[in-house]
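Here is how the chains run, residue by residue.
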Amino acid sequence: MKIKHIFLLAFLIGSVFISHAQISNSEEILSKIQNEGYQNSQVLKLSSELVDVYGQRLTGSREYLKAAQWMRNKMEALGIENAHLENYCENCRGWSINSFNVELVAPNYMHINAYPLAMARSTDGIVEGEIVHIPTFGDMDLIKEQFSGNLRGKIILMGSQPKLGLPKRSTSTGLTVDRLQAMDEQLVAKNKQTPLPELLKSWESWDMEIHKFLQFVDEEGALAVLKTKPNLLNGLRSDGTYLYWNDAYKPLPYFTIMSEHFGRILRMIELKSEPKIRINLDTEFYNEPENNVNIIGEISGTDPKLKSETVMIGAHFDSWHAGTGATDNGANSIVLVEALRILKAIGFRPKRTIRVGLWGGEEQAFIGSVAYAKEHFGNLNEDPNKESKNVTAYLNLDNGVGIIRGIYLQENEFARPVFNEIFSSLATSKSWALSIENTLSTDHETFDYYNIPSFQFIQDHASNYATGHTQIDLLEYVPEEDIMKNAVTIAWTIYYLSEMKEKVPRKK
């Protein structure tokens, strides 16, 4: 055999051993991640500590700050480094409920299943009034023409009677194999993203429609407004207004009520039985900028060349105020922390820095993540800075608590091979999709605007679609096995991204 052939053979054999060693190392890491994530999981325990002990986490509230402080301390206890709070708003006000009650008192008694909407002010003690039905708030000129001078001392029933049917047997609408395949094979995104500055501005104008209505009936002397929105599990959709600035209008007492109770009151009005309702609401406004914080933690990178680069994962930490925000989005916040705990527990030392961001104010138009991006990546009207270019990817978890079934590529076809490798390695992935689609309305849009490769996980449509933003957004609707698997999936994903030779390709 010629000497060059001997060297070539030796090289090929060596390459095979090196390749085998790399594959074996990845397989070993995945096995360790799965063993730690399944045998020693803390994800449900930590979720219970967060949502059962600390409860609702409305943006700007004292309850939010207490939960954020607990989360920061928990990160430190789990060995997550540089755990800290970053303020994101100096003029976002706080609001809390002390007590409330809503009752039908004529022509007979019924306790009304109701919940106040966020930022509603208190009643003047216990108030009682007759009902006036206003079917829509869309045409303010017509409303003023019909109702000016006729609302003093009245309680407004706003909206039309929703169509209700018998509840479905299951609240889950899991993604089928066929549906996942169709998502995977989709060539062009149907959802087009609005540039972030325009998106934030559009939300302001959209929300002003209901604000104008509330201000009008308030000025006319109405006592309160009642509305409804149907829900699969009879949960009261009690999110509320986006009037979160210190100097913003404080709406009159404003409630969502059970759809069946809304329907009965409306029929009583149509039958001219003159229903009367008694209300008592005690709420509190305050200006405490220290409540408005994002929660940041990380595992520091160890590679001399790559440790300045970051793999970011994020979820919003805030919730609405009626339930405990378990499915939207408390459990997902815990899933990300559990993923980091798993990596720490197996002794993994990443090449790149892995950073988690738990954002406040997502429910009020991404104010937490936008503030973080402005601080770290530059203003919205500027070119992204160097720090933004050092983020290899941002991964977001905010589609409920169903099992992860793939990822939305946000029109970044260049990233498909990366995630194809990640998901094909997962033994728990029986079926999954890499969708070219833009999924909208959560914090990954902030990072995508800065041309950071940003992605949202695809999840089965689990219970948060029936419980989110309601008083039944509770731990009972969080499936333990699914969130355990999700923590393992994310731990494996960030392991893979942290060890890649190159960054995830950008789409621009």
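Everything here concerns the structure above.
Residues numbered from 1 in each chain as written. Predicted model: local features only at pLDDT ≥ 70, side-chain atom pairs only at ≥ 80, totals over all residues. Heavy atoms only, no water.

**Q** Now, about the overall build of the protein: what can you tell me, with residues and values included?
**A** The helix and strand tally for the protein stands at 14 helices and 16 strands. The C-alpha radius of gyration computed for the protein amounts to 26 Å, which stays within 12% of the reference 23 Å derived for 508 residues, consistent with globular compactness. Taken along the three principal axes of its C-alpha coordinates, the protein extends 105 × 45 × 40 Å. A total of 508 residues make up the protein; the buried ones form 55% of that total. Summed over all atoms, the accessible surface of the protein reaches about 22400 Å², with 51% contributed by carbon and sulfur. (Helix = DSSP H or I, 4+ residues; strand = E, 2+ residues; numbered from the N terminus. Rg over C-alpha atoms; globule rule 2.2 N^0.38 Å. Buried < 20%, exposed > 50% of the residue type's maximum accessible area, 1.4 Å probe, protein only. Areas by Shrake-Rupley, 256 points an atom, 1.4 Å probe, with all protein chains shown as cover.)

**Q** With reference to specific residues and values, describe empty space enclosed by the protein.
**A** According to the stated counting rule, one finds four cavities of 30 Å³ or more in the structure shown. The computed volume of the largest cavity comes to approximately 80 Å³. In terms of lining residues, the largest cavity is bounded by 14 residues, among which Lys229, Asn231, Asn234, Gly235 and Ser259 are the most central. Counting only elements with at least two residues in the lining of the largest cavity, the list comes to strand S8 (254-257) and helix H7 (259-270). (1 Å grid on protein atoms, 1.4 Å probe; cavity = no way out; pocket = protein on both sides within 12 Å on 5 of 7 lines; lining within 4 Å. Points joined across faces, edges and corners; volume = space filled by probe spheres on them.)

**Q** With reference to specific residues and values, describe the packing of aromatic side chains.
**A** Considering all chains together, one arrives at 20 aromatic pairs under this definition. Through a chain of ring-to-ring contacts, three or more aromatic side chains come together here, namely Trp359, Tyr372, Phe377, Tyr394, Phe447, Tyr449 and Tyr450. In this structure, arginine 57 packs its charged tip against the face of phenylalanine 317, placed 5.3 Å from the ring centre. Over the ring of tyrosine 286 we find arginine 62; its NZ or CZ atom is 3.8 Å from the centre of that ring. (Phe/Tyr/Trp six-rings, centres within 6.5 Å; stacked < 30°, edge-to-face > 60°. Lys NZ or Arg CZ within 6 Å of the ring centre and 35° of its normal.)

**Q** Describe in detail helix H11 (residues 416-424), supporting the description with residues and values.
**A** Those residues of H11 that fall on the buried side of the exposure criterion are Arg416, Val418, Phe419, Ile422 and Phe423. For H11, the arc enclosing every buried residue in end-on projection is 155 degrees, short of the 170-degree limit, so these residues lie on one face. The inward-facing, buried residues of H11 abut helix H5 (177-185), strand S13 (391-396), strand S14 (404-408), strand S15 (433-435), strand S16 (454-459) and helix H14 (480-499). (Arc of directions from axis to C-beta. Contact = heavy atoms within 4.5 Å.)

**Q** Can you lay out the nonpolar core for me, pointing to particular residues and giving the numbers?
**A** What tends to happen in soluble globular proteins is that the nonpolar side chains get buried as a cluster. One finds Ile33, Met71, Leu343, Leu358 and Phe419 to be the most contacted residues of the largest nonpolar core, which totals 70 residues. Once you skip the residues sitting within four places of it in the chain, leucine 343 turns out to touch Ile33, Ile299, Phe348, Ile354, Ala491, Ile494 and Tyr495. (Core = buried A, V, L, I, M, F, W, Y, C linked by side-chain atoms within 4.5 Å.)

**Q** Any details on the pattern of salt bridges? Residues and values, ideally.
**A** For the structure on display, the rule yields 18 salt bridges. Across the pair arginine 121 and aspartate 218 runs a salt bridge whose closest N-O atoms are separated by 2.7 Å. Separated by 97 residues along the polypeptide, arginine 121 in the loop between strand S4 (114-116) and strand S5 (127-134) and aspartate 218 in helix H6 (residues 196-219) bring together distant segments of the chain. Classification of arginine 121 as partly exposed rests on a relative accessible area of 28%. Salt bridges here are not isolated pairs; linked through shared partners, they connect Glu36, Glu338 and Arg341. (Salt bridge = Lys/Arg side-chain N within 4 Å of Asp/Glu carboxyl O.)

**Q** How would you summarise the packing of helix H8 (residues 326-345) against H14 if you had to cite specific residues and measurements?
**A** At a closest axis distance of 8 Å, the pairing of H8 and H14 adopts a crossing angle of 60 degrees. Classified by the angle between their axes, H8 and H14 sit oblique to one another. With respect to the hand of their crossing, H8 and H14 are arranged in right-handed fashion. Contact residues: H8 offers Val335, Leu336, Glu338, Ala339, Leu340, Ile342 and Leu343, while H14 offers Ile483, Asn486, Ala487, Val488, Ile490, Ala491, Ile494 and Tyr495. Of the residues belonging to the contact of H8 with H14, the class tally is 13 nonpolar, one polar and one charged. (Axes fitted to C-alpha atoms, helices over the stretch in contact; angles between N-to-C directions. Parallel < 35°, antiparallel > 145°, perpendicular 65-115°, else oblique. Left-handed = near helix turned anticlockwise from the far one by under 90°. Nonpolar A, V, L, I, M, F, W, Y, C, P; charged D, E, K, R; others polar.)

**Q** Could you give an account of the environment of alanine 365, naming the residues involved and the relevant values?
**A** Relative to the helices and strands, alanine 365 resides in the loop between strand S12 (353-359) and helix H9 (367-377). For alanine 365, a relative accessible area of 16% gives the class buried. Considered as a pair, alanine 365 and tyrosine 242 are 123 residues apart in the sequence and their alpha carbons are 8.4 Å apart. Among all residues touching alanine 365, those that are not within four sequence positions of it are Leu200 and Trp203.

**Q** Could you give an account of the side chain of threonine 467, with specific residues and numbers?
**A** Mapped onto the elements of the fold, threonine 467 is located in helix H13 (residues 464-467). The class for threonine 467 is buried, based on a relative accessible area of 0%. Contacts of threonine 467, omitting those with residues within four sequence positions, involve Leu233, Thr327, Ile472, Asp473 and Tyr477.

**Q** Give me H7: which residues, what numbers.
**A** Its twelve residues place the ends of H7 17 Å apart at the C-alpha level, agreeing with the 16 Å of an ideal helix rising 1.5 Å per residue. Those residues of H7 that fall on the buried side of the exposure criterion are Ser259, His261, Phe262, Gly263, Ile265, Leu266 and Met268. Backbone geometry just after H7 places lysine 272 at a positive phi near 60 degrees. (Expected span 1.5 Å × (residues − 1).)

**Q** Go over the sheet that holds strand S2 (residues 94-106) with me, naming the residues and quoting the values.
**A** The eight strands lie next to each other as S3-S2-S9-S5-S6-S7-S8-S4, forming an open sheet whose pairing is mixed. Strands at the two margins of the open sheet, each flanked by one partner only, are strand S3 (110-111) and S4. The sheet contact formed by strand S7 (residues 224-227) and S8 spans three bridges and is parallel. When the bridges of S8 are listed, valine 225 appears paired with tyrosine 254. (Pairing = 2+ DSSP bridges.)

**Q** Outline the sheet that holds strand S1 (residues 81-87), supporting the account with residue identities and numerical values.
**A** What the eight strands build is an open sheet, ordered S1-S10-S12-S11-S13-S16-S14-S15; its pairing is mixed. The open sheet has two edge strands with one neighbour each: S1 and S15. Between one strand axis and the next, the sheet turns by 25 degrees as a mean value, whatever way the strands run. Bridge count for strand S11 (residues 310-316) against S12 is seven bridges, and the pairing is parallel. Residue pairing for S12: valine 311 is matched across the bridge by isoleucine 354. Running at roughly 10 degrees to strand S10 (residues 293-299), helix H3 (residues 62-77) makes contact with S1, S10 and S12 of the sheet. The sheet contacts of H5 involve S14, S15 and S16, and relative to S15 the element is tilted by about 40 degrees.

**Q** How would you sum up the packing of helix H2 (residues 43-54) against H14? Please name residues and give values.
**A** With their axes 9 Å apart at the nearest point, H2 and H14 run at an angle of 110 degrees to one another. On the basis of the axis angle, H2 is roughly perpendicular to H14. Residue-level contacts link Val43, Leu44 and Ser47 of H2 to Glu480, Ile483 and Met484 of H14. Here the contact of H2 with H14 is built from residues that sort into four nonpolar, one polar and one charged.

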